[in-house]
Amino acid sequence: MRLCEHWSGLDLEAAAGVVRNRVPLVQIPPRGIWGESGQAVHTSVEAWLGQPLSSPPEPEWLIWSYLAAFGPATVKDIQIWSGLTRILEDIRSLRPHLVTFRNERGEELFDLPDAPRPDADTPSAPRFLGEFDNMLLSYADRSRIMDETCRKRVFTANGIIRATILIDGFVAGTWKLMSRRDRAVLHIEPFRVLSKQELDALSEEGARMLHFAVSNAATSEIIFH
C-alpha cells in the first residue's frame, strides 16, 4: 500500500514489479536454504547487511576479480560474464599488471601473474556442478569446457541450465539428486561411456557430495543411467 501511495495510479502488482527490478533486494530464508522452501519474502540489501551499499565497483576491480576466478580469458570472455562493454581502455590500464598468452586460434588471453596455471597434463578430479553454475556461463568460447553436442543437452530451450558432471575438466554428463523421507538417490547420466577408473572416481566424489547435501539421510545410493 505504501508503494501505491508513492506512485499514485499504479496498481500494487505493478509497483512491486518496479521495486523488484530497480531496488537491490535479498530473498530471505527459509527460501533458498538447502532442503527448505517457503513463501518468497524480500528485504533490501541494506537492511539485510545492516550497512549502506558501497559505491559501484570500478571496472578494473571487476575484471581483476573475474580473472582471479576464471582466467586465463579473452576480453570477450570478460564481457560475456560481466555484461561490461567498451572495456579495452580498462584492459589497457591493467595490462602492466597482467600476464598474457595466446590460445590455439591466436586470441590474446589475460591472467593474474600469481594465478595457478597447472601443466596441461595435470589430471583434473571429477566434479559436480550445480544448475546455472558460473563455470558454464563465464566464457564466450564454451568449447573450452564442453563440446557442442553436450551444450545442446545442458542448455535447454526454456532457459534451464542443467547440473553437470566434469570429467578431466570437461562436461561429460548431467546429475540430479532425489531425496524422499530418509532416502537419497544421486542419478548420474553420462554423455559417453566412462572407464572403470572414471566411474570409480565419480562415485567417490558423488558419495562426498551426498554426505554434504543429505547428511541426515538414513540410506543413499548412486545410480548411473
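One can find the structure itself at the top, above this paragraph.
Residues numbered from 1 in each chain as written. Predicted model: local features only at pLDDT ≥ 70, side-chain atom pairs only at ≥ 80, totals over all residues. Heavy atoms only, no water.

K.L.:
Explain the overall build of the protein to me, and be specific about the residues and the numbers.
P.N.:
Secondary structure summary: the protein contains 8 helices and 9 strands in total. A globule of 225 residues ought to have a C-alpha radius of gyration of about 17 Å, yet the protein, at 22 Å, is considerably larger. Projected onto its principal axes, the C-alpha coordinates of the protein cover approximately 65 × 55 × 35 Å. Expressed as a percentage of the 225 residues in the protein, the buried residues total 28%. Within the protein, contacts between residues separated by at least 24 positions form 48% of all contacts whose residues are at least 6 apart in sequence. Summed over all atoms, the accessible surface of the protein reaches about 15,300 Å², with 53% contributed by carbon and sulfur. With 25 positive and 30 negative side-chain charges, the protein shows a separation of 5 Å between the mean positions of the two kinds. (Helix = DSSP H or I, 4+ residues; strand = E, 2+ residues; numbered from the N terminus. Rg over C-alpha atoms; globule rule 2.2 N^0.38 Å. Buried < 20%, exposed > 50% of the residue type's maximum accessible area, 1.4 Å probe, protein only. Contact = heavy atoms within 4.5 Å. Areas by Shrake-Rupley, 256 points an atom, 1.4 Å probe, with all protein chains shown as cover. Lys, Arg positive; Asp, Glu negative; His and termini not counted. Charge placed at Lys NZ, Arg CZ, Asp CG, Glu CD.)

K.L.:
An account of the packing of aromatic side chains is needed here, citing residue identities and associated values.
P.N.:
According to the stated counting rule, one finds 5 aromatic pairs in the structure shown. Seen in terms of ring centroids, F70 and Y139 are 6.2 Å apart; in terms of plane orientation they differ by 85°. Their pairing is edge-to-face. Residue F70 is found in helix α4 (residues 59-70), and its partner Y139 is found in the loop between β5 (127-129) and α7 (148-154); the two are separated by 69 residues along the sequence. Consider the rings of F128 and W175, whose centres lie 5.7 Å apart with planes at 80°: the pair is edge-to-face. On the criterion of sequence distance, the pair formed by F128 in strand β5 and W175 in strand β7 (residues 170-180) is long-range, its members being 47 residues apart. These aromatic residues form a ring-pair network of at least three members: Y66, F70, W81 and Y139. If you follow R144 out to its NZ or CZ, it ends over the ring of Y139, 3.9 Å from the centre. (Phe/Tyr/Trp six-rings, centres within 6.5 Å; stacked < 30°, edge-to-face > 60°. Lys NZ or Arg CZ within 6 Å of the ring centre and 35° of its normal.)

K.L.:
I'd like a rundown of the pairing of strand β8 (residues 183-190), residues and numbers included.
P.N.:
Note that β7 and β8 share 8 bridges and pair antiparallel. In the strand pairing of β8, K176 is matched with H187. Two successive antiparallel strands, β7 and β8, enclose a turn made up of 2 residues, where R181 displays a positive phi of approximately 55°. Of the strand pairs in this sheet, β8 and strand β9 (residues 219-224) are connected by 6 bridges, and their pairing is parallel. Across the sheet, V185 pairs through a bridge with E221, a residue of β9. (Pairing = 2+ DSSP bridges.)

K.L.:
Tell me about helix α5 (residues 75-82), and please be specific about residues and values.
P.N.:
Burial in α5 covers these residues: V75, D77 and I78. End-on view of α5: buried residues confined to an arc of 160°, all on one side of the axis. Along its buried surface, α5 packs onto α4, α6 (88-94) and β4 (108-111). Downstream of α5 by one or two residues, G83 has phi in the positive range, about 80°. (Arc of directions from axis to C-beta.)

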